[in-house]
Structure formats: structure tokens, C-alpha cells
Amino acid sequence: MRTGIFIVAAQFPGREAGQVLADAVELVVAAEEAGFDDAWVAEHHFMSYGVCPSATTLMAVAAGRTTRIGLGTAVSVLSTQHPVALAEQAAMLHHLSGGRFTLGVGRGGPWVDLEVFGTGLERYERGFAESLDLLLAALSAERVAADGEFFRFREVRTVPRAPLRPLVACTSPATVALAAARGLPMLLGLHVGDEEKAAAVAAYEERAPGVAVRHVAAAVGHVADSTARAVRELKESMPRWLGPGLAGYRPVDGRPRPSRDVGAYVDLLTRIHPVGSPEHCAESILRTADRTGIEHVILLVEGIGEHRRTLENVRRFGAEVLPLLRGEPGGPGSPPGGLSSPPAPVPG
């Protein structure tokens, strides 16, 4: 089982964005010290849901503060960036981090970002496949040129290059099909449970039989002395962030903004994700791996809304949950006889 942390740089009320970003870097350092395999950062613009506008920049800072942990973007939004420019940034991070960097990309949404950055709604609606293919070319080829609907330029040399294969955030059948056609791993989000994740994996494998990739599943992760206490803590804290945060999504074209019952959403997250005692968290992660075949989970650890407690959450996962996932006998909180489900094997 491969386990990472997932940082959105959540701005809870009363917190300054600059401090949230500094704290995010400290979380990556703490995750390395706690024994996590990797750390991932999300990109958002103009909203308190997440205050990191450049996941690659934050990962560059984190690369300089760490030595072992894998680093990734979950995700960099491809609809508002030039694919070649993003490939250049990713290649730099690959080389400067000693090969520890993984690029994750996503289509994003029909948000005002498209207007601000000048890429437009058409690029979001029709241009993701073209953008992804250009990104792949810029990462793999010695020279790259474009003559498509959204990108046209003469051939140029790619400097630097990096042998990166990005993962793709998949929230629709069309994106699953695109990732499968390119042989790229999927990132599946917080808002879906094991059944939906398993269905996405099955659809991928039907379209790309025999393609060996490691998909990644995002989940909320919060550990406490008891499952009841962990659930109660998040139900008390997360709405303070999610309410104003989700309200920050502003459509670019006047379409109705998606609405969500925040209380019901938090209830869902605490039911389907590893929120609970150490044993409950480990059981939940292993159950998802067993049901979906996904053996790499990244945990959103910021739900408590207070930096000291978030650091404690990361450290407790490292000390009390990771040993259970890895089958280490006698790990803190290890129940007699081990867990009911064995750790999932990691593909070579």
C-alpha cells in the first residue's frame, strides 16, 4: 500500500493565505518525517477553498525542504495553462528533486479562471485532449510543434526534458476514456466512494486491457482516539471551511453554480473515508484497496482547521496507521492478530 497526504491549502476563517501556504510546506516536511510515501498539492484560484494558485511552485519549495518523499500536483489545471510551459515546469521539478516529482493534471471547471487567464470556455469544453497530447509531446520528444485548433506554433526544442507520464483527474466517463486511451493513470476524487471508484477502474480496464498503471484515490484522513471523536471533530470543523470555500466557485458564463448541502457532504466524507480510530482508518484504506484495486491513497489531512492539530494528525497517521497498512507487527495501536484484511501488494 502506498500512502500520501493531499493538501488543498484550505483557508479556514480568520487565517491569512500566506500563512496557510507556509503551513502547507511544513505539512510536507512533517509527512516525510512521519513516513508517508508522497505529498500532493492542489491548484485553485480566487477562492478560500484552496489558496495555492501554483502547485508546481509550492512543490519546488517543498523539494528544497525534503530529501525522500515523493512530490506531486493533484492537480495542475490544464485548461488555464499552456501545456508546453507546464511541461517545462514539471521537467525542472523532476531534475531538481532528484526524480521525486509526479505531475497530475485535470480539466478543471467552467470557472472565471478561464476568463482571467484568457484561455476561454471553448478550451475547457473542447480542448482538453489537445492540451493533454501537447503536454505529453513536450515531456517526451526532443522537439515539439503544434497545428491544432487551440495551439499552433513552429517547431521548438524542448529544454529541459523529463521522462514523466502524468496522471489525470477523472470525474466523467469521457475523461476516463481519454486517460485509458493514453495509458495514463487516473486520480479519483474525494466525492466518490468505493463503488464509483471501482466502476471507473473497470471502465478503464475495459478500454485499456493489460495496461499496467497505478491509479490514485483521494480520501479524507483524520485519526483520533475513537471513531466517534474523529467524526465529531470533522463535523464541527469542516463546514466552516467548505461553506465559504465551495461558494467561491464562480462560473464564467452565467450558468447556475453547483450547490451542495455542506452538512450532508461532510457526513458523506466521514462515512466513506478513513476518519476514526487508527484501526478504523487502516481498515477503511485496506477495504478501499480491496474493493477497487487501487493501492495508492492520498489523504486530505487539513479538515480539522488548526495547524497544530493538523500536524498532530499527520504524525499520528505515521505512528499509528501506516504500520498497520504495512503489516509491521507491534506497531502502535496494532490489534492482536493484525487487521482482518492483509495489506495489498504493491505492483513492481
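Within an unreviewed UniProt entry, the label attached to the protein chain reads LLM class flavin-dependent oxidoreductase, and the organism entered is Nonomuraea bangladeshensis.

Draft legend 1. A look at the packing of helix α7 (residues 173-182) against helix α8 (residues 194-207). For the pair α7 and α8, the least separation of the axes is 9 Å and the interaxial angle reads 45 degrees. Classified by the interaxial angle, the pair formed by α7 and α8 is oblique. Classified by chirality, the crossing of α8 by α7 is right-handed. For the pair formed by α7 and α8, the contact residues are V176, A177, A179 and A180 on the first element and A200, A203, Y204 and R207 on the second. By residue class, the composition of the contact of α7 with α8 is seven nonpolar, no polar and one charged.

Draft legend 2. Structural context of the UniProt feature "domain: Luciferase-like" (unreviewed entry) in the protein chain. Under the feature "domain: Luciferase-like" (unreviewed entry), the UniProt entry names residues 1-295. Helix and strand shares over residues 1-295 are 47% and 16% respectively, and the end C-alpha atoms of the span are 5 Å apart.

Draft legend 3. Molecular detail of the sheet that holds strand β1 (residues 2-7). Strand order in the open sheet made by the ten strands is β4-β6-β9-β10-β11-β14-β1-β2-β3-β5, with parallel pairing throughout. Of all strands in the sheet, those bounded by a partner on one side alone are β4 (76-77) and β5 (101-102). Pairing of strand β2 (residues 38-41) with strand β3 (residues 70-73) involves four bridges; the strand directions are parallel. Its bridge partner lying in β3, V41 is registered against T73. Against the sheet, α8 touches β10 (186-188) and β11 (216-220), its axis set at about 165 degrees to β10.

Draft legend 4. Molecular detail of the pairing of β3. Side chains of β3 alternate between two faces, with G70 and G72 and L71 and T73 buried alike. You can see the chain leave β2, run along helix α2 (residues 55-65) and come back into β3, and the turn it takes is right-handed. Where β3 lies against β5, two bridges are found, and the strand directions are parallel. The residue of β5 that forms the bridge with G72 is T102.

Draft legend 5. Highlighting the pairing of β2. Alternating residues of β2 divide into D38 and W40 and A39 and V41, and every residue in both groups is buried. Strand direction decides the pairing type here: β1 and β2, joined by four bridges, are parallel. Within the sheet, the bridge partner assigned to G4 lies in β2 and is D38. Crossover connection from β1 via helix α1 (residues 17-34) to parallel β2: handedness right-handed.

Draft legend 6. α2, seen in detail. Taken together, the buried positions of α2 are occupied by A55, T56, L58, M59, A62 and A63. One side of α2 carries all its buried residues, which in axial view fall inside an arc of 155 degrees. For α2, the secondary structure elements touched by its buried residues are α1, β2, β3, β4, α3 (83-96) and β5.

What counts, and at which threshold
Residues numbered from 1 in each chain as written. Predicted model: local features only at pLDDT ≥ 70, side-chain atom pairs only at ≥ 80, totals over all residues. Heavy atoms only, no water. Axes fitted to C-alpha atoms, helices over the stretch in contact; angles between N-to-C directions. Helix = DSSP H or I, 4+ residues; strand = E, 2+ residues; numbered from the N terminus. Parallel < 35°, antiparallel > 145°, perpendicular 65-115°, else oblique. Left-handed = near helix turned anticlockwise from the far one by under 90°. Contact = heavy atoms within 4.5 Å. Nonpolar A, V, L, I, M, F, W, Y, C, P; charged D, E, K, R; others polar. UniProt positions renumbered as here; feature names shortened; annotations may be inferred. Pairing = 2+ DSSP bridges. Buried < 20%, exposed > 50% of the residue type's maximum accessible area, 1.4 Å probe, protein only. Right-handed = clockwise from strand over helix to strand, strands pointing away. Arc of directions from axis to C-beta.

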